[in-house]
Amino acid sequence: MTANRVLLINSNREVNPNPVLPIGMAYVASSLAKNKFTVACADLCFKANWRRYLKDRLNGFKPDFIGLSIRNIDNHDQSKPQLYLDFVKEVICFCQKISPAKIFCGGAALAVMPTRILDYLNLDTGIFGDGEETTPLLLRSGLKDLTLPGLAYKKNEKIYSNPALGIKDLNSIPHHELARWIDIKPYFRQEASYPVQAKRGCPFDCLYCTYPRGEGKGYRFRKTSEIIGEIIDVQEKYHPKTIEFVDSIFNHPPGFAEEICRQLIARKSRANLHTIELNPLYLTDELIGLMEKAGFISCGITCESASEIILKNFKKNYGAADVRQAAGRLKKSAMKKLWIFLFGGPGEDANTVEETLKFTREELGENDVIFFNIGVRIYPGTGIEAIARRAGVIKPETDLLFPTFYVSPLISRSEIEAKIKNEKNDRIVTIKDIRLPYLASLLKLSSLLGLKGPYWSYTPIFNKIRKNLWPG
Ligand code: B12
Ligand code: SF4
């Protein structure tokens with residue numbers, strides 16, 4: 001009898017700022033099913049008693065293989081760092097006690113530091129980068145073919161990795177079909193959007209970023225007709241409040257996002273759309289107009305800073321003038337906007353912080369929500385790692401698996417926090433706000449009240465309520 005029963009486990013239980021549907025795991029599940037494996041998924045996200053649930057799934061399904069999907073390493077929050085991998089370890093130990101199945105892992109976290117994570121989890125095999133092609137091949141070999149691309153593996157107590165190649169033709173893989181694998185309703189009850197991926201890859205090289213590592217530097221596109229078909233189908237079947245594009249950048253290369261919008265307009269799509277990954281440089285009046293007509297109700301502009309010095313140091317391909325121009329263009333748009341900034345990069349000082357704060361005060365629309373993050377998470381192999389090492393912020397022995405952050409030596413974290421607090425602006429959110437214990441309840445309440453999303457657009461109301469209930 002061939003070993004072909006695979007249980008994939010979504011180990012991500014983070015519900016802040018909102019829960020995210022495990023699109024990556026679902027892609028792998030669909031691909032395994034297409035390759036004639038018998039597949040089931042276990043979703044730990046909302047399971048209060050995850051042990052009992054998982055025990056039932058393991059005993060009922062009796063898998064030959066268990067694949068753990070690991071999305072996040074940590075929460076990117078310097079004020080309250082949380083490493084999610086300890087929970088993953090607990091899940092692995094639990095599975096090992098109950099099931100004789102062989103365990104392997106994969107997911108977005110793996111791509112960031114594959115060998116270190118494998119080592120930390122004490123597993124023998126992990127897949128990083130695209131999982132759809134490598135996973136069936138690896139399982140057919142009984143986890144023995146160690147020559148496959150995108151594989152991290154243990155051999156003779158040492159850990160190795162083979163470079164990931166990436167799937168050449170994304171149109172050759174089946175749709176993720178999330179609802180086939182997990183119950184998506186609890187996600188919608190907490191304001192989750194339905195994820196759609198139009199392409200993979202990012203050709204840029206920003207100082208701190210790991211995205212191109214998981215998705216590659218060259219773009220790989222899905223056919224626009226496929227993407228539009230998926231959106232229309234999902235809207236008709238599941239009526240999600242919002243469908244979100246999860247591409248590393250939505251509006252690059254120029255023309256692709258425009259074409260998606262045009263086809264959505266032509267097909268009279270009724271979906272409410274959202275993306276958080278807009279690059280200010282390619283945000284033309286034409287694109288904004290098309291996005292509105294295509295059904296975009298909201299968007300996020302991850303511009304990080306409005307200071308020329310900081311943008312240059314972050315190796316961004318746009319400058320402060322482009323950020324201002326994008327703000328001017330978006331002001332005319334009815335879409336709800338979330339501006340995302342990252343303070344503390346190389347060269348940040350009181351003046352550059354003030355430049356960004358002044359920009360948010362003077363140039364953003366009066367309903368725009370502003371997200372400020374402080375401290376750059378340092379990942380191995382990034383430009384910020386090299387800077388941090390030279391500056392002595394991290395030592396040779398520092399283990400970057402554990403949340404480690406760079407804050408410019410020219411200003412302290414508490415000084416930046418004080419400046420943000422001074423703004424007295426109800427539209428500001430910080431990472432501390434998205435960790436509030438009652439946020440999940442507020443999201444459920446807004447969903448019950450049928451408030452139109454996205455959740456962050458309620459920021460001014462939440463902040464006002466909070467100030468009245470807990471002044472100071
Ligand atoms: C879009 C996005 C978001 C959106 C999600 C919107 C949505 N509706 O889903 C938002 C803004 C909400 C978000 C939030 C967060 N995010 Co985010 N996000 C992304 C982004 C850009 C894309 C993720 C995605 O959907 N990819 C598409 C799918 C198809 O790819 P995938 O999940 O990687 O799956 C593939 C492989 O990994 C593999 N695979 C997946 N599962 C499995 C399982 C097995 C067994 C195998 C073999 C393979 C495998 O195969 C899949 C298909 O090829 C990535 C960066 C990137 N470009 O990867 C960061 C990323 C995933 N996020 C990250 C983080 C940290 C977070 C936050 C913790 C940030 C914060 N401070 O709040 C939160 C966590 C939220 C939560 N509840 O979990 C990190 C995670 C790794 C890390 N560094 O810890 C990433 C990688 C970015 C980074 N900095 O490196 N995020
Ligand atoms: S920050 Fe955005 S543009 Fe820069 S490398 Fe990462 S994904 Fe690409």
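Residues numbered from 1 in each chain as written. Chains lettered and ligands numbered in written order. Predicted model: local features only at pLDDT ≥ 70, side-chain atom pairs only at ≥ 80, totals over all residues.

A few points about the overall build of the protein
In step 1: A count of helices and strands for the protein gives 19 helices and 18 strands.
In step 2: For 472 residues, the compact-globule estimate of 2.2 N^0.38 gives 23 Å, and the C-alpha radius of gyration of the protein, at 22 Å, lies within 12% of that figure.
In step 3: By its C-alpha atoms, the protein is 70 × 55 × 45 Å across when sized along the principal axes. (Helix = DSSP H or I, 4+ residues; strand = E, 2+ residues; numbered from the N terminus. Rg over C-alpha atoms; globule rule 2.2 N^0.38 Å.)

With respect to the packing of helix α10 (residues 224–238) against helix α11 (residues 256–266)
In step 1: Across the interface, α10 lies against α11 with an axial gap of 10 Å and an inter-helix angle of 50°. As far as their axial angle goes, α11 and α10 are oblique. You can see that α10 and α11 cross each other, and the crossing is right-handed. Here α10 contributes Thr224, Ile227, Ile228 and Ile231 to the contact with α11, which in turn contributes Glu259, Ile260, Gln263 and Leu264.
In step 2: By residue class, the composition of the contact of α10 with α11 is five nonpolar, two polar and one charged. (Axes fitted to C-alpha atoms, helices over the stretch in contact; angles between N-to-C directions. Parallel < 35°, antiparallel > 145°, perpendicular 65-115°, else oblique. Left-handed = near helix turned anticlockwise from the far one by under 90°. Contact = placed C-beta atoms within 7 Å. Nonpolar A, V, L, I, M, F, W, Y, C, P; charged D, E, K, R; others polar.)

A look at the environment of Asp169
In step 1: Tracing the backbone shows Asp169 in the loop between β7 (158–161) and α7 (178–181).
In step 2: Placed 53 residues apart in sequence, Asp169 and Arg222 show a C-alpha to C-alpha distance of 7.9 Å.

Examining the site of ligand 1
In step 1: The local shell around ligand 1 holds 44 residues, among which Gly24, Gly67, Ile73, Gly106 and Gly131 are the closest.
In step 2: Among the elements that take part in the shell around ligand 1, helix α1 (residues 23–34) stands out by supplying five residues, more than any other.
In step 3: Partitioned by chemical class, the residues of the shell around ligand 1 number 20 nonpolar, 16 polar and eight charged.
In step 4: Two domains each put at least three residues into the shell around ligand 1: domain 1 (5–161) and domain 2 (193–430). (Near = placed C-beta within 6 Å. Domains from an automatic or database assignment.)

Concerning the site of ligand 2
In step 1: The full set of residues close to ligand 2 is Cys202, Phe204, Asp205, Cys206, Cys209, Tyr211, Pro212, Ser248 and Ile249.
In step 2: Considering only residue class, the shell around ligand 2 consists of seven nonpolar, one polar and one charged.

Quick word on the sheet that holds strand β4 (residues 102–106)
In step 1: If you walk across this open sheet you meet the seven strands as β2-β1-β3-β4-β5-β6-β7, and the pairing is mixed. Since the sheet does not close on itself, it has two edges, and those belong to β2 (38–43) and β7, each with one partner. Each neighbouring strand pair of the sheet contributes to a mean axis angle of 20°, computed without reference to strand direction.
In step 2: Across two bridges, the pairing between β4 and strand β5 (residues 125–127) is parallel. Looking at the pairing, Cys105 lines up with Gly126 of β5.
In step 3: Relative to strand β3 (residues 65–69), helix α3 (residues 85–98) is tilted by about 170°, and along the sheet it contacts β1 (5–10), β3 and β4.
In step 4: Lying on the sheet, helix α5 (residues 114–121) is in contact with β4, β5, β6 (151–155) and β7; it crosses β7 at an angle near 145°. (Pairing = 2+ DSSP bridges.)

Describing the sheet that holds strand β11 (residues 243–245)
In step 1: Pairing within the open sheet is parallel, and its seven strands lie in the order β8-β11-β12-β13-β14-β15-β18. Strands with a single pairing partner mark the edges of an open sheet, and in this sheet they are β8 (194–196) and β18 (428–430). Adjacent strand axes in the sheet meet at a mean angle of 20° when their direction is disregarded.
In step 2: Both strand β15 (residues 369–374) and β18 contribute to a ladder of three bridges, which runs parallel. Bridge pairing links Ile370 to Ile428 in β18.
In step 3: Relative to β8, α10 is tilted by about 165°, and along the sheet it contacts β8 and β11.

Let's talk about unusual backbone geometry
In step 1: Note the cis peptide between Asn16 and Pro17, where omega equals -5°.
In step 2: Relative to the elements of secondary structure, Pro17 occurs in the loop between β1 and α1.
In step 3: Here the residue pair His252 and Pro253 is connected by a cis peptide bond, since its omega of 0° sits within 30 degrees of zero.
In step 4: Here Pro253 shows up in the loop between β11 and α11.
In step 5: For Asn122, which is not a glycine, the phi torsion comes out positive at approximately 55°.
In step 6: Looking at the element boundaries, Asn122 is found in the loop between α5 and β5.
In step 7: For Asn122, a count of 11 C-beta atoms within 10 Å puts it in the exposed group.
In step 8: Notably, Leu143 is not glycine yet its phi reads approximately 65°, a positive angle.
In step 9: Counting through the fold element by element, Leu143 comes out in the loop between α6 (134–140) and β6. (Buried ≥ 20, exposed ≤ 12 C-beta atoms within 10 Å, placed from the backbone.)

A short note on the domain arrangement of the protein
In step 1: Assigned domains within the protein: domain 1 (5–161) and domain 2 (193–430).
In step 2: With centres defined by C-alpha atoms, the gap from domain 1 to domain 2 works out at 28 Å.
In step 3: Listed per partner, the contact involves 14 residues of domain 1 and 17 residues of domain 2.
In step 4: Only α4 (108–112) and α5 provide two or more residues apiece to the side of domain 1 that touches domain 2.
In step 5: Per-element tally for the side of domain 1 that touches domain 2: the top contributor is α4, with three residues.

Comments concerning α5
In step 1: Turning to α5, its buried residues are Pro114, Ile117, Leu118 and Leu121. The arc that holds every buried residue of α5, seen down its axis, measures 100°, which confines them to one face.
In step 2: Lining the buried residues of α5 we find α3, β4, α4, β5, β6 and β7.
In step 3: Asn122 occupies a position one or two residues after α5 and carries a positive phi of about 55°. (Arc of directions from axis to C-beta.)

Here's the deal with the environment of Arg466
In step 1: Examined against the element boundaries, Arg466 turns out to sit in helix α19 (residues 459–469).
In step 2: In the structure, Arg466 is positioned 418 residues away from Ala48 in sequence and 27 Å away in space, judged by C-alpha atoms.

Points about the pairing of β15
In step 1: Along β15, five of the six residues are buried, which leaves the element largely enclosed by surrounding structure.
In step 2: Between the parallel pair strand β14 (residues 336–343) and β15, the chain is carried across by helix α15 (residues 350–363), and the sense of this crossover is right-handed. (Right-handed = clockwise from strand over helix to strand, strands pointing away.)

Details of the packing of α3 against α5
In step 1: Relative orientation of the contacting elements α3 and α5 amounts to 50°, with a least axis distance of 10 Å. In terms of axis orientation, α3 runs oblique to α5. Relative to α5, the crossing made by α3 is right-handed. For the pair formed by α3 and α5, the contact residues are Leu85, Val88, Lys89 and Ile92 on the first element and Ile117, Tyr120 and Leu121 on the second.
In step 2: Among the residues making up the contact of α3 with α5, the classes are represented as six nonpolar, no polar and one charged.

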